Amino acid sequence: MPTGSYINGKWFHPKSERLVKNINPADPKDIIAEFPAGTVEDAHAAIQAAQATFPAWKNTPGPERGRVLWRAVNIARARLEEIAQTMSREEGKILKEARGEVLKGISLLEFFAGEGYRMHGKTMPSEARDTFTYTIRRPIGVVGLITPWNFPWALPVWKIAPAIVAGNTVVFKPAEITPATASLLVEILEQAGLPPGVLNMVVGSGATVGSAIVEASETRAISFTGSNEVGTALYHQAAKLNKKVTCEMGGKNAIVVMPDADLTRATNAIIGGAFGSTGQRCTATSRVLVAPDVKNKLVELLGERASQLRVGPGLDETSEMGPAVDEKQWKTDLSYIEIAKREGARLVTGGGVPPGANGGYFVEPTIFDGVTPEMRIFREEVFGPVLAVGVATDIQEAIKFSNAVEYGLTTSIFTQDINNIMRYIEDVETGMVHVNEPTIGGEAQLPFGGTKNTGVGEREMAEEGLNFFTELKTVFINYGGTGERNLIR
Ligand code: ADP
């Protein structure tokens, strides 16, 4: 695995004062690699390389650009286990989830490879006689992609694949704590025949490298996923420079459980949504809004299941939940547990560091009952294995409480009642809605993203995700022979 940055088709070690230690969160003594942190100059060199390559890449036919992604699909399949093991070791997620994430990235590569044949425009009738009007999609130029650590493989794929298949050239900055998986992705695209300069990666901090990418006049579009704090500041910074921006940020996703719900299925969905990936998904289930009649039974089922989850290193095949990604996130999780206790929520299970943590950043799967909308644990994103359960007396209250947060990413409702299902789909303020399944999951062909403070800009993945990376050009061809627009007035 390369351990540097990648500019203009070359791996190199930036001349840096600072080495970024790539640490296994299940065992912080296990140092995977040391990556020299990139500098502002490296970011500028990457941008220059991308800009110099843009004309040639833009003029490469779309299907040919897509073929690079197809070849990457085959290489990624052959290297699946290596990618999954690397990801599990540096990010902490259990191997089953890591393998699933590699496959998800492969589906995204497949989907966007095919988009190289499409990039649809539209034809529309003109108001004028003898005039042919239509739209075409063209790449934007150099685009900046900034990603977080929680999906270190699939998330970079879902930005890089549409960006390059659309004909853009890329400057990519992965999260500083997960550079190894990002490097594997870049290496695979290199092996797949991506020409030098099309994809450039600079490993480094957000404040230096990330900020330099956003500030540079050459980057015409920025796609960011990460925290609200950073995303909002980045959005303002980029807006001042009139850049196209998409930011996908936090979530505080609820599952509503109505009185007629199948409680066993609801329990499966909630446990998977709350504790899968150690709760470190933007689509994690972090709230349950349950009907009073079934609340005690549901809480009992949830408590039983959560307390039985085997918490351990992601690389151990028997583990069912891995550690928090690093010390900072671990401390955040533990501090929210204290906040919830202080606010008067009732601890059902978990609430601390499990026995045998051995210095790893482990947190017990934790459930609080009696959570009400004014509590911080109801409203704020923890990004850890901490679930808040509260009561909603009917569908109106379920909708009201579900919407009573600043975020709007995803949600789910468990019921058999078609009227309640339809009412919920209509009135809930989220970008994605599930019925009788977990809040998690996205598919390459389906738009992904949220409303309110969760996101700004175009949805990601799917055709919408590709559209973000294109400029629309409207064309008027007048074959009337007079040089004037022949409007009927
Ligand atoms: P998370 O903790 O979920 O990774 P962050 O918002 O802290 O969320 O980071 C997301 C990405 O944004 C990372 O790649 C990070 O390095 C980058 N980043 C952080 N600060 C800035 C900034 N000021 N400008 C641009 N990118 C940044």
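Just so it is clear, the structure is predicted and the values come from calculations on it, not from any experiment.

A. Representation of the overall build of the chain within the structure. A count of helical and extended segments in the chain gives 15 helices and 22 strands. Taking 489 residues into account, the globule formula puts the C-alpha radius of gyration at 23 Å, and the chain, at 24 Å, falls close to it. Counting only C-alpha atoms, the chain reaches 80 × 65 × 40 Å along its principal axes. Out of the 489 residues in the chain, the part that is buried amounts to 57%. The contacts of the chain with a sequence gap of at least 6 include a subset with a gap of at least 24, amounting to 73%. Of note, the chain has its 49 positive side-chain charges centred 4 Å away from the centre of its 57 negative side-chain charges.

B. Fine view of the nonpolar core. Membership of the largest hydrophobic core comes to 65 residues, with the highest contact counts inside it found for Leu 69, Trp 153 and Phe 172. The element best represented in this core is helix α5 (residues 154–165), accounting for 9 residues. Among the domains, domain 1 (5–249 + 454–475) and domain 2 (253–435) are the pair contributing at least three residues each to this core. Judged by nonpolar contacts, the second largest core, of 30 residues, contains Tyr 336, Ala 345, Val 382 and Ile 399.

C. Examining the domain arrangement of the chain more closely. Domain annotation of the chain identifies domain 1 (5–249 + 454–475) and domain 2 (253–435). If you average the C-alpha positions of domain 1 and of domain 2, the two centres end up 31 Å apart. Each partner contributes to the interface: domain 1 provides 24 residues, whereas domain 2 provides 29 residues. For the pair domain 1 and domain 2, the summed buried surface comes to about 2,100 Å²; carbon and sulfur atoms form 57% of the total. Interface area lost by domain 1 to domain 2 is led by Ile 94, Trp 149 and Thr 454, which between them contribute 24%. Here domain 1 and domain 2 share 1 salt bridge between them. For Arg 99, the salt bridge is made with Glu 317, and the minimal N-O distance between the two is 2.8 Å.

D. Region of the structure containing the sheet that holds strand β6 (residues 131–139). Strand order across the open sheet formed by 3 strands is β5-β6-β22, with antiparallel pairing between neighbours. Each edge of the sheet is formed by a strand with only one pairing partner; in this case those strands are β5 (123–125) and β22 (470–478). The average undirected angle you get between the axes of adjacent strands in this sheet is 25 degrees. The pairing of β5 with β6 spans 3 bridges and is classified as antiparallel. Along β6, the bridge assignment pairs Pro 125 with Phe 132.

Rules behind the numbers
Residues numbered from 1 in each chain as written. Predicted model: local features only at pLDDT ≥ 70, side-chain atom pairs only at ≥ 80, totals over all residues. Heavy atoms only, no water. Helix = DSSP H or I, 4+ residues; strand = E, 2+ residues; numbered from the N terminus. Rg over C-alpha atoms; globule rule 2.2 N^0.38 Å. Buried < 20%, exposed > 50% of the residue type's maximum accessible area, 1.4 Å probe, protein only. Contact = heavy atoms within 4.5 Å. Lys, Arg positive; Asp, Glu negative; His and termini not counted. Charge placed at Lys NZ, Arg CZ, Asp CG, Glu CD. Core = buried A, V, L, I, M, F, W, Y, C linked by side-chain atoms within 4.5 Å. Domains from an automatic or database assignment. Buried area = accessible area lost by both parts, 1.4 Å probe. Salt bridge = Lys/Arg side-chain N within 4 Å of Asp/Glu carboxyl O. Pairing = 2+ DSSP bridges. Axes fitted to C-alpha atoms, helices over the stretch in contact; angles between N-to-C directions.

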